[in-house]
Every structure is written in C-alpha cells, then in structure tokens.
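Each chain, letter by letter, is given below.
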Amino acid sequence: MPELPEVENVALALRECLVGRRLTGMEVRFPGVLEPSAEAVEEALVGWVLVKVRRQGKYLLLEFGEGDRCREDIAGYSGGMREDVLAHSAGIERGYRRAVCLHLRMTGQIFVDPAYRPDQHTHLILDFDGLPVYYRDIRKFGRLALVEADADGVFAVAPPHVGPDMLEIGFAAWRERVAARRAPIKAVLLDQGVAAGIGNIYADEALFRARVHPLTPAASLADPDLRRIFNAARAVMRLAIRHGGTTYLNFVDFRGQPGNFRRKLRVYQRDGEPCRDCGETLARLVVAGRSSHFCPRCQPAPRRRKARRPTTTRPRASRASRDRS
DNA sequence: AAGATTACCTGAAGGC
DNA sequence: TGCCTTCAGGTAATCT
C-alpha cells in the first residue's frame, strides 16, 4: 500500500524521468480513474510539458505548463531539459499552468519501464515524447484528477482538509494538533488532517519503535511520549524512502522493482510471531477500523479503569476532567 | 461534533 | 476441485 515513502519514491521517479517532457498522447482504457472525465483531462493536458512534481502526504501534484517560465522550472532539474522542449514551450501563454492531482490509494502503480507489458489492470498509458508511462491499479481506487488553481494561480497539492506533510511539520505544531485529541493515538496518526502521509504500516512501526500502545488516548500522552512517536514516525518513513518503500501486496516502484523495506518491519503483519526485541508473541487488535500490530510487552496497554479483580467490573465515569493547566 | 462505520474494488487465503 | 466467506486498507460519505 503506498504511504508517504512509496509516494515519495514515485515523485522522485517522475522528476527524474518525466520533467521536461511533453505529454504527447494518452490512451484511456478505464475512464473511471480520470476526473472530472477522460475527455476533460485529455483536452487540458495533451500537448503540455510536465514542469513540476510536488508531494503532500500521499498526494502528488503534476504541474504542466507552456511558456517562458517553463524554462526556469525545467532548468531546476538536471535530467530532462531538451532544446526542442524549450523551443516548444517558449513564448506561449507565459507562466500559465495546468495540473492534475494523483492519488494511488490502495493499489495504484506507476511504471516507467520499457519492459512493462500492460495487463487488464492497466488503465492509462501516457506518452511523454515517445516514452510510455503506465498507470495500473488492481482495485481501481486511485484517481488522477484535474485541479483548478486558486485566485493567485497557485495549485494546492492536496484537498484543503489535508494537513501538513509529516516530514515537513515541526514537532510543536504537530503536538498542538495531536494533544487535543481523545481518540487512540493510532487513529490520530492515521488521520490525514492532523499530518499527512502516515498509513497503517508506518503507524504500527512508529508506535512500536516509540514503545506506545496503539489504544493510548492521544490526549493522555506526555511530551516525551509524543516526541518519541513523532521522531519514530519520521525516522521510519525516511528509512523506508531510502530502501525504496515497503512492498507488501501490491506496491512496486516505477521500474517494477519491489521495495525492500519489508524486511525491516518489526510488527506489521507479524502477529503471532516473536517480538524481535523481547521475544514476546506479537498481538493484533482493531483500532479505528484497521488492524493494529504491536508487542504487548514492549508497548504496555494504557492505564485503564479496570477493576483489579475481574469479578468486580463496574462501569464508572472516566476522569474526563483531568486538568492540565 | 468527534469518532465510528460503510462504500468503493479486486485478489488472496482459508474453510468445507 | 471449487465455491463461499473473510480480509486487506485510503479516503469520502454517512451514521451515531
């Protein structure tokens, strides 16, 4: 499943392979991936030059342009600048931009690989000056959507409710967004409105490395706990980027190579196996509708109003009014 | 009103 | 063997 590290690797690949190239054609095999319609996307983008790729969380924004300012953008990338592209883009509608937002959701994949052969799950074939780019998505959740610029001509990478990227936000700002939440920390990590990019795999891995139980209410966490979670989430995702991402079921990179971060997973999908740190059997439970994997010894359950003797379970009001002033 | 649940999809895996 | 059910999870929409 593509999370922040996998999407970042896609962004790096698109910048390396495609920036500076013109979208010369488009074969749509399943129109459902394109919004608002296949015709609208084709009409807007064919003939335009990819000038910039930006990422926020799991969202990618592909900016296309014509005109002089393409030259400045393209010049920022060493790989793709070519004379004919510059000649084409010169002098037409200076600085004008169009953009599409790409989200791979669960199973979306991008291939820039001459050896790739499209199958029944290949929904889109883009032609960039003769270089074919394939979009494949087994479950058809992913979308490539035309987006409008704001009044200043600026494109938002992600929809407005999506929070700052988890690798961009600072600890103080993140803590402010997290500390007010009474939901389990696992649910808060997955909430893209708090900070964008963490998915189920890296949420579990971050909580294990921070030694925090997934059910711990976010608001009950002390500063050092929050600091460990924040650092662990960023560290594990940076590490995953360097290792090409995690291949669990469906994610492979743009050349068709599986990421090799999976070997480094300590808890995700390892329930029933021994903890690599303490040997305890790893457990699984459902939090926020998602399976969560953790070590019951390394990540002790949060203190709860549990009767000491199981025979005297009496429901009691929780201490909702814990002052923290 | 925040938190929980469901819809969207398909393939893999397990049960019988 | 083959049919059936369950599970996987990112996000938007819907429910409580």
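Residues numbered from 1 in each chain as written. Chains lettered and ligands numbered in written order. Predicted model: local features only at pLDDT ≥ 70, side-chain atom pairs only at ≥ 80, totals over all residues. Heavy atoms only, no water.

## Section: the protein's contact with DNA strand C
Phase 1 of the analysis: Within the structure, DNA strand C sits among 16 residues, and His103, Met106, Arg139, Tyr268 and Arg284 are positioned closest to it.
Phase 2 of the analysis: Grouping the constituent residues of the surface near DNA strand C by class yields 5 nonpolar, 5 polar and 6 charged. (Near = heavy atom within 4 Å. Nonpolar A, V, L, I, M, F, W, Y, C, P; charged D, E, K, R; others polar.)

## Here we look at the packing of helix H1 (residues 4-18) against helix H8 (residues 223-242)
Between two packed helices, both the angle of their axes relative to each other and the distance between the axes serve to describe the pair.
Phase 1 of the analysis: Interhelical geometry of H1 versus H8 gives an angle of 40 degrees and a closest axis separation of 8 Å. In terms of orientation, H1 and H8 fall into the oblique class. The handedness of the crossing between H1 and H8 comes out as right-handed. Contacts between H1 and H8 pair Leu4, Pro5, Glu8 and Asn9 from the former with Met237, Ala240 and Ile241 from the latter.
Phase 2 of the analysis: Of the residues that constitute the contact of H1 with H8, the class distribution is 5 nonpolar, 1 polar and 1 charged. (Axes fitted to C-alpha atoms, helices over the stretch in contact; angles between N-to-C directions. Helix = DSSP H or I, 4+ residues; strand = E, 2+ residues; numbered from the N terminus. Parallel < 35°, antiparallel > 145°, perpendicular 65-115°, else oblique. Left-handed = near helix turned anticlockwise from the far one by under 90°. Contact = heavy atoms within 4.5 Å.)

## Regarding the pairing of strand E3 (residues 49-56)
Phase 1 of the analysis: The element E3 is largely enclosed, with a buried count of 6 among its 8 residues.
Phase 2 of the analysis: Pairing analysis gives 7 bridges linking E3 to strand E4 (residues 59-65), with the strands arranged antiparallel. Residue pairing in the sheet places Arg54 in a bridge with Leu61 of E4.
Phase 3 of the analysis: Where E3 hands over to E4, the hairpin turn is made up of 2 residues, of which Gly57 adopts a positive phi near 60 degrees. (Buried < 20%, exposed > 50% of the residue type's maximum accessible area, 1.4 Å probe, protein only. Pairing = 2+ DSSP bridges.)

## Focus: the sheet that holds strand E9 (residues 143-147)
Phase 1 of the analysis: Ordered by their spatial adjacency, 5 strands build an open sheet running E2-E9-E5-E4-E3, and the pairing between neighbours is mixed. For this open sheet the edge positions go to strand E2 (34-35) and E3, each flanked by a neighbour on one side alone.
Phase 2 of the analysis: Contacting E3 and E4, H1 crosses the sheet at an angle of about 165 degrees to E3.

## Thoughts on the protein's contact with DNA strand B
Phase 1 of the analysis: Taken together, His121, Ile138, Arg139, Lys140, Phe141, Arg181, Arg182 and Ala183 make up all the residues around DNA strand B.
Phase 2 of the analysis: The side chain of Arg139 places a nitrogen or oxygen atom 2.5 Å from a base oxygen of DNA strand B.
Phase 3 of the analysis: At 3.4 Å from a phosphate oxygen of DNA strand B is found a side-chain nitrogen or oxygen belonging to Lys140.
Phase 4 of the analysis: In terms of residue class, the surface near DNA strand B is made up of 3 nonpolar, 1 polar and 4 charged. (Polar contact = N/O pair within 3.5 Å; in protein donor to acceptor, adjacent residues only side chain to side chain.)

## Some remarks on the packing of helix H5 (residues 171-178) against H8
Phase 1 of the analysis: Running from N to C, H5 and H8 cross one another at 115 degrees; their axes reach a closest spacing of 11 Å. In terms of their interaxial angle, H5 and H8 are classed as roughly perpendicular. Of the two possible hands of crossing, H5 and H8 adopt the one that is right-handed. Judged by residue contacts, Phe171, Trp174, Arg175 and Val178 of H5 engage Asp223, Leu226, Arg227, Ile229 and Phe230 from H8.
Phase 2 of the analysis: Here the contact of H5 with H8 is composed, by residue class, of 6 nonpolar, no polar and 3 charged.

## Details of the confidence of the model for chain A
Phase 1 of the analysis: Counting all residues, the mean pLDDT for chain A is 83, and 80% of those residues have values of 70 or more.
Phase 2 of the analysis: pLDDT under 50 marks residues 77-94. Its contacts with residues more than four places away, or in other chains, come to 40 contacts.
Phase 3 of the analysis: Low confidence marks residues 305-325, where pLDDT is under 50. Its contacts with residues over four positions away, or in another chain, come to 4 contacts. (pLDDT = per-residue confidence, 0-100.)

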